[in-house]
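Chain and residue survey
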Amino acid sequence: MVDHLPVGTEAQRPPPRQATLALLVGRITTIKLAYWTALTAFELAVPLDPAPAAERFASSIAFAGFATLAVLLWARRSARAIDPRAGALSRSVPTIATTFVAATVVASPASLPLLLVERQRSIENCAGLVTCHPEALWLWVATLLIGFVLIPAVFAASLRSSS
């Protein structure tokens, strides 16, 4: 059978086990869900602050920066952590691809509540449904890119080398 012929001279690694894939998907999904939950909770609490909108937006940017730094450190640590049952996650093309697919498909709905909050922020004190504060939507776009690209990239780059 062609499927079982070795391609190169190096030893063939066994395919990933279900426990390893569950560990990988669980870790990256948990990190991203926590990220967007923290951002959404903060944004829901911002209207309680009587400061002007510009000052509240500055605090949103500061919190998003802090949350991003914290989650990137968490992703790096989590990618290198050894699970007692499944072992360590190693860097390979399938593992990296699974990281990005899981990050995109499984955790993507978690960004939608933040979009709704930011959309409401963008029309705050507007005469109609026209966006008066597009920076609120740009904040969501930035955190979306961080969630879909940067967090999985840091996680994938931090995986242990397969030797």
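Residues numbered from 1 in each chain as written. Predicted model: local features only at pLDDT ≥ 70, side-chain atom pairs only at ≥ 80, totals over all residues. Heavy atoms only, no water.

1. What to know about the overall build of the protein
- A tally of helices and strands in the protein yields 5 helices and 2 strands.
- Helices (α) and strands (β) of the protein occur, in sequence order from the N terminus, as α-α-β-α-α-α-β.
- Residues counted as buried form 36% of the 163 residues belonging to the protein.
- Carbon together with sulfur atoms contributes 70% to the accessible area of the protein, which is approximately 9,700 Å² in total. (Helix = DSSP H or I, 4+ residues; strand = E, 2+ residues; numbered from the N terminus. Buried < 20%, exposed > 50% of the residue type's maximum accessible area, 1.4 Å probe, protein only. Areas by Shrake-Rupley, 256 points an atom, 1.4 Å probe, with all protein chains shown as cover.)

2. So, the packing of aromatic side chains
- Enumeration over the complete set of coordinates arrives at 4 aromatic pairs.
- Seen from their ring centres, Tyr35 and Trp36 are 6.3 Å apart, and the 45° between their planes marks the pair as tilted.
- Take Trp36: its relative accessible area is 0%, and that puts it in the buried class.
- Taking 4.3 Å as the distance between ring centres and 5° as the angle between the ring planes, the aromatic pair formed by Phe42 and Phe63 counts as stacked. Here Phe42 is found in helix α1 (residues 18-45), whereas its partner Phe63 is found in helix α2 (residues 53-80), with 21 residues between them in sequence.
- Ring-pair connections join several aromatic residues into one group, and the members of that group are Tyr35, Trp36 and Phe148.
- For Lys32, the ring lying beneath its charged end belongs to Phe148, and the centroid distance is 4.4 Å. (Phe/Tyr/Trp six-rings, centres within 6.5 Å; stacked < 30°, edge-to-face > 60°. Lys NZ or Arg CZ within 6 Å of the ring centre and 35° of its normal.)

3. Notes on a positive patch on the surface
- A cluster of basic residues, Arg76, Arg80, Arg91 and Arg160, forms a positive patch at the surface.
- With respect to the secondary-structure elements, Arg76 resides in helix α2.
- You can call Arg76 partly exposed: its relative accessible area is 44%. (Patch = residues over 30% accessible without salt bridge, like charges linked within 9 Å, V, L, I, M, F, W, Y side chains within 5 Å. Salt bridge = Lys/Arg side-chain N within 4 Å of Asp/Glu carboxyl O. Lys, Arg positive; Asp, Glu negative; His and termini not counted. Charge placed at Lys NZ, Arg CZ, Asp CG, Glu CD.)

4. Some points on the side chain of Ser111
- Position of Ser111 among the secondary structure elements: in the loop between α3 (93-106) and α4 (112-122).
- By relative accessible area, which is 2% here, Ser111 ends up buried.
- For Ser111, the residues in contact, after removing those within four places along its chain, are Trp36, Trp140 and Leu144. (Contact = heavy atoms within 4.5 Å.)

5. Here we look at the environment of Val130
- On the secondary structure map, Val130 appears in the loop between α4 and α5 (134-158).
- Discounting chain neighbours no more than four positions away, the residues touching Val130 are Ser122 and Ile123.

6. Here we look at the packing of α3 against α5
- Where α3 contacts α5, the axes come no closer than 9 Å and their chain directions differ by 150°. By the angle between their directions, the pair α3 and α5 is classed as roughly antiparallel. You can see that α3 and α5 cross each other, and the crossing is right-handed. From α3, Ile96, Thr99, Phe100, Ala103 and Thr104 reach across to α5, where they touch Phe148, Val149, Pro152, Ala153, Phe155 and Ala156.
- Residue composition of the contact of α3 with α5, by class: 9 nonpolar, 2 polar and no charged. (Axes fitted to C-alpha atoms, helices over the stretch in contact; angles between N-to-C directions. Parallel < 35°, antiparallel > 145°, perpendicular 65-115°, else oblique. Left-handed = near helix turned anticlockwise from the far one by under 90°. Nonpolar A, V, L, I, M, F, W, Y, C, P; charged D, E, K, R; others polar.)

7. Points about the confidence of the model for the protein
- For the protein, per-residue confidence averages 81 on the pLDDT scale, and 85% of positions sit at 70 or higher.
- When mean pLDDT is compared element by element in the protein, α2 scores highest at 91, while strand β1 (residues 90-91) scores lowest at 76. (pLDDT = per-residue confidence, 0-100.)

8. Some thoughts on empty space enclosed by the protein
- In this structure the tally under the stated criterion is 1 cavity of 30 Å³ or more.
- In this model, the largest cavity occupies a volume close to 50 Å³.
- Looking at the largest cavity, the residues that line it are Leu39, Phe42, Glu43, Ser60, Phe63, Ala64, Leu114, Glu118, Leu139 and Thr143.
- At the level of elements, α1, α2, α4 and α5 are the ones that each hand at least two residues to the lining of the largest cavity.
- Looking at side-chain class alone, the lining of the largest cavity contains 6 nonpolar, 2 polar and 2 charged residues. (1 Å grid on protein atoms, 1.4 Å probe; cavity = no way out; pocket = protein on both sides within 12 Å on 5 of 7 lines; lining within 4 Å. Points joined across faces, edges and corners; volume = space filled by probe spheres on them.)

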